[in-house]
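The residues making up each chain are set out below.
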Amino acid sequence: MPGTLYLIATPIGNLGDMSPRAIETMKNVDVIACEDTRHTLKLLNHFGITKKLVSYHEHNESIRADELIEMLSKGQNVGLVSDAGTPAINDPGLVLVRKARNAGAEVISIPGPVAFVNAVVVSGLPTDSLFFGGFLPSKQGDRRKRLAEVAAIPATLIFYESPHRIGRSLADCLDILGDRSASVSRELTKIHEETLTGSLSSILERILSANSRGEYVLIIDRERDGQEVRPVSSSLQERVAELEAAGHDNRAALKIAAKEHGLSRSEAYRQLQLSRPGDT
Ligand code: SAM
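Residues numbered from 1 in each chain as written. Predicted model: local features only at pLDDT ≥ 70, side-chain atom pairs only at ≥ 80, totals over all residues. Heavy atoms only, no water.

Although it is not a glycine, N90 adopts a positive phi angle of roughly 50°. Examined against the element boundaries, N90 turns out to sit in the loop between β4 (78-81) and α4 (94-102). Using a relative accessible area of 35% as the deciding quantity, one classes N90 as partly exposed. Phi angles above zero are rare outside glycine, and E187 is one such case at about 55°. The exposure class assigned to E187 is buried, which follows from its relative accessible area of 19%. (Helix = DSSP H or I, 4+ residues; strand = E, 2+ residues; numbered from the N terminus. Buried < 20%, exposed > 50% of the residue type's maximum accessible area, 1.4 Å probe, protein only.)

Domain annotation of the protein identifies domain 1 (4-113), domain 2 (116-220) and domain 3 (236-275). Taking only C-alpha atoms, the centre of domain 1 and the centre of domain 3 are 47 Å apart. (Domains from an automatic or database assignment.)

Another point: the site of the ligand. The environment of the ligand is made up of 19 residues, and the closest members are I89, D91, Y160, E215 and Y216. At a separation of 2.9 Å, an oxygen atom of the ligand approaches a polar backbone atom of A115. E215 places a side-chain nitrogen or oxygen 2.4 Å from an oxygen atom of the ligand. Protein chains bury 90% of the 580 Å² of accessible surface belonging to the ligand in isolation. Going through the elements one at a time, β7 (156-161) and β10 (216-220) are the ones with two or more residues in the shell around the ligand. Tallied by class, residues from the shell around the ligand come to eleven nonpolar, three polar and five charged. Residue contributions to the shell around the ligand reach at least three from each of two domains, namely domain 1 (4-113) and domain 2 (116-220). (Near = heavy atom within 4 Å. Polar contact = N/O pair within 3.5 Å; in protein donor to acceptor, adjacent residues only side chain to side chain. Areas by Shrake-Rupley, 256 points an atom, 1.4 Å probe, with all protein chains shown as cover. Nonpolar A, V, L, I, M, F, W, Y, C, P; charged D, E, K, R; others polar.)

Of the two faces of strand β2 (residues 31-34), the one carrying V31 and A33 and the one carrying I32 and C34 are both buried. Where β2 and β4 come together, four bridges link them in parallel fashion. The residue of β4 that forms the bridge with V31 is V78. A crossover connection joins β2 to the parallel strand β3 (residues 53-55) through helix α2 (residues 37-46); in handedness this β-α-β unit is right-handed. (Pairing = 2+ DSSP bridges. Right-handed = clockwise from strand over helix to strand, strands pointing away.)

Moving on to the sheet that holds strand β5 (residues 106-110). Across the sheet, five strands lie side by side as β3-β2-β4-β1-β5; this open sheet has parallel pairing. Strands with a single pairing partner mark the edges of an open sheet, and in this sheet they are β3 and β5. Sheet twist, expressed as the mean angle between neighbouring strand axes with direction ignored, is 25°. Sheet strands touched by α4: β1 (4-8), β4 and β5. Its angle to β1, the strand with the most contacts, is close to 155°. (Axes fitted to C-alpha atoms, helices over the stretch in contact; angles between N-to-C directions. Contact = heavy atoms within 4.5 Å.)

Counting residues in each nonpolar core, the largest one holds 21 residues, and the members touching the most others are F159, L170, C173, L177, V184, I207 and I220. Counting only elements with at least two residues in this core, the list comes to α6 (140-150), β7, α7 (166-177), β8 (181-186), α8 (200-210) and β10. With five residues, the single largest contributor to this core is α7. One finds A33, V54, I69 and L80 within the second-largest nonpolar core, a separate group that totals 18 residues. (Core = buried A, V, L, I, M, F, W, Y, C linked by side-chain atoms within 4.5 Å.)

The interhelical angle for the contact between α7 and α8, taken along N-to-C directions, is 160°, at an axis separation of 10 Å. With respect to α8, the element α7 is oriented roughly antiparallel. Taken as a pair, α7 and α8 cross one another with a handedness that is left-handed. In contact with I166, G167, L170, A171, C173 and L174 of α7, α8 contributes L200, S201, I203, L204, I207 and L208. Among the residues forming the contact of α7 with α8, the class breakdown is ten nonpolar, two polar and no charged. (Parallel < 35°, antiparallel > 145°, perpendicular 65-115°, else oblique. Left-handed = near helix turned anticlockwise from the far one by under 90°.)

What follows is the structure, given as structure tokens:
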């Protein structure tokens with residue numbers, strides 16, 4: 001009979017959030033797969049657990065999953081943890097869960113911290129319907145396109161964001177979604193936990209002047225009546241064509257589209273040249 005795969009949530013910054021059941025499960029499994037063995041070893045040491053660790057991260061996920069499935073099919077129990085929070089939530093895990101299910105193994109979640117759940121419950125924004133979008137794309141054009149795609153979803157929008165991009169992402173949210181109510185949380189569960197609430201523009205202003213560090217969760221209210229949602233074309237090429245169709249000459253269209261996509265005019269020109277059919 002196959003063993004069981006346990007998805008074990010671990011703290012997102014406060015070791016006091018490690019649940020007794022998570023500790024117990026880590027002690028009882030045969031092996032623990034983790035993103036970073038050094039990081040997880042510190043956690044195990046803190047709780048006095050000695051266990052075999054194997055690395056399981058985005059670069060070896062597929063091959064390592066096969067090895068772990070082999071162990072499960074021999075009846076061994078496998079624990080999966082990520083560096084922080086719940087495995088498979090913007091962390092490795094999906095591949096292993098699917099393969100484990102296909103192999104007939106049981107998959108059990110040992111619940112615990114998830115950054116976005118904690119951020120949304122302190123935001124004061126509606127929790128009746130939530131859209132979790134993971135990380136916004138790092139390239140500005142892609143990010144703006146994604147924001148335009150989600151703009152009309154009738155739910156509170158939630159994104160993860162890194163410290164070096166939070167300002168640029170908030171500026172794009174403001175531009176594409178309008179000045180909605182929002183909330184930005186950082187350092188959740190840690191000593192310097194902070195949540196800023198208000199309009200997107202006021203949060204952006206405070207973030208830019210504070211120069212704070214930490215990983216962020218960004219929560220944005222759904223579209224409200226009277227708020228304008230600006231559609232963004234799916235590509236630079238399409239936007240230039242749209243602007244030309246609206247009467248702008250090529251030079252002006254390129255200038256506007258470049259600005260909207262956060263590119264210099266020369267970079268936009270270069271990208272347009274590259275995207276022309278037949279070009280190599
Ligand atoms: N698996 C994790 C979870 O359950 O939330 C998410 C992992 S994802 C790679 C890391 C992102 O989660 C960070 O960039 C940040 O957006 C968010 N995050 C994790 N810990 C956080 C914390 N203590 N405070 C605010 N955001 C956090």
